[in-house]
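Observations on the three-dimensional arrangement
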Amino acid sequence: DLVASELDAEIRKDWELHFDKSPSEGAIKNWILRQVKYKKSLANYQKASHNANRLSAAKSSFEHKKKALENLVSLFLVGYSSEPKYNRQAAGRAHKGLNKNQ
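Fair warning: this is a prediction, and the values are worked out from it, not measured in the lab.

1. Quick look at the confidence of the model for the chain
Predicted confidence across the chain gives a mean pLDDT of 87, with 84% of residues reaching 70 or more. Of all secondary-structure elements in the chain, the lowest mean pLDDT belongs to helix H4 (residues 88–101), at 66, while helix H3 (residues 36–77) reaches the highest, 96.

2. Some words on the nonpolar core
Considering soluble globular proteins, one finds that nonpolar side chains tend to be buried as a cluster. Val-3, Ala-4, Leu-7, Ile-11, Phe-19, Ile-28, Trp-31, Ile-32 and Tyr-38 form the largest nonpolar core, which has 9 residues in total. Counting residues per element, the ones that place at least two in this core are helix H1 (2–13) and helix H2 (25–34). Filtering out sequence-adjacent residues up to four positions away, Leu-7 remains in contact with Trp-31, Ile-32, Gln-35, Lys-37 and Tyr-38.

3. Considering the packing of aromatic side chains
The full count for this structure, using the stated rule, is 0 aromatic pairs. Positioned over the ring face of Phe-62 is Lys-65, at 5.8 Å from the centre of the ring.

4. Some words on the pattern of salt bridges
Applying the stated criterion to the full structure yields 5 salt bridges. A salt bridge links Lys-59 to Glu-63, with the shortest nitrogen-to-oxygen separation between them at 3.8 Å. Taken as a pair, Lys-59 and Glu-63 lie in helix H3 at a separation of 4 residues, close to a single helical turn. According to the relative accessible area criterion, Lys-59 is exposed, its value standing at 53%. By relative accessible area, Glu-63 is classed as partly exposed at 45%. Note that Lys-66 is salt-bridged to Glu-70, the shortest N-O span being 4.0 Å. Taken as a pair, Lys-66 and Glu-70 lie in helix H3 at a separation of 4 residues, close to a single helical turn. The exposure class of Lys-66 is exposed, given its relative accessible area of 53%. Overall, the relative accessible area of 37% leaves Glu-70 in the partly exposed class. Overlapping salt bridges, with partners in common, bring together Asp-8, Arg-12 and Glu-25 in one network.

Criteria and cut-off values
Residues numbered from 1 in each chain as written. Predicted model: local features only at pLDDT ≥ 70, side-chain atom pairs only at ≥ 80, totals over all residues. Heavy atoms only, no water. pLDDT = per-residue confidence, 0-100. Helix = DSSP H or I, 4+ residues; strand = E, 2+ residues; numbered from the N terminus. Core = buried A, V, L, I, M, F, W, Y, C linked by side-chain atoms within 4.5 Å. Buried < 20%, exposed > 50% of the residue type's maximum accessible area, 1.4 Å probe, protein only. Contact = heavy atoms within 4.5 Å. Phe/Tyr/Trp six-rings, centres within 6.5 Å; stacked < 30°, edge-to-face > 60°. Lys NZ or Arg CZ within 6 Å of the ring centre and 35° of its normal. Salt bridge = Lys/Arg side-chain N within 4 Å of Asp/Glu carboxyl O.

What follows is the structure, encoded as structure tokens:
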């Protein structure tokens, strides 16, 4: 916006150098959009915005990983764990069911 404002002020000051008659607002905006200085600043802005978005996503990812590790540590500290238990009745029913199908 700063570069666009500077170019806008420049063209309004010396419009006779670039136009035959008094330019309309649309003509001034189009002139600004065609300037190399504006195109470079827009490209720099887009690159910086892209980098900021990528860094924001990385930050969010690390925050999620941090929270997951905190939860695992808190579960470990209170001694909460889950171990598979062998249920003989369920295993017997499953074994009988398999034998019927054969």
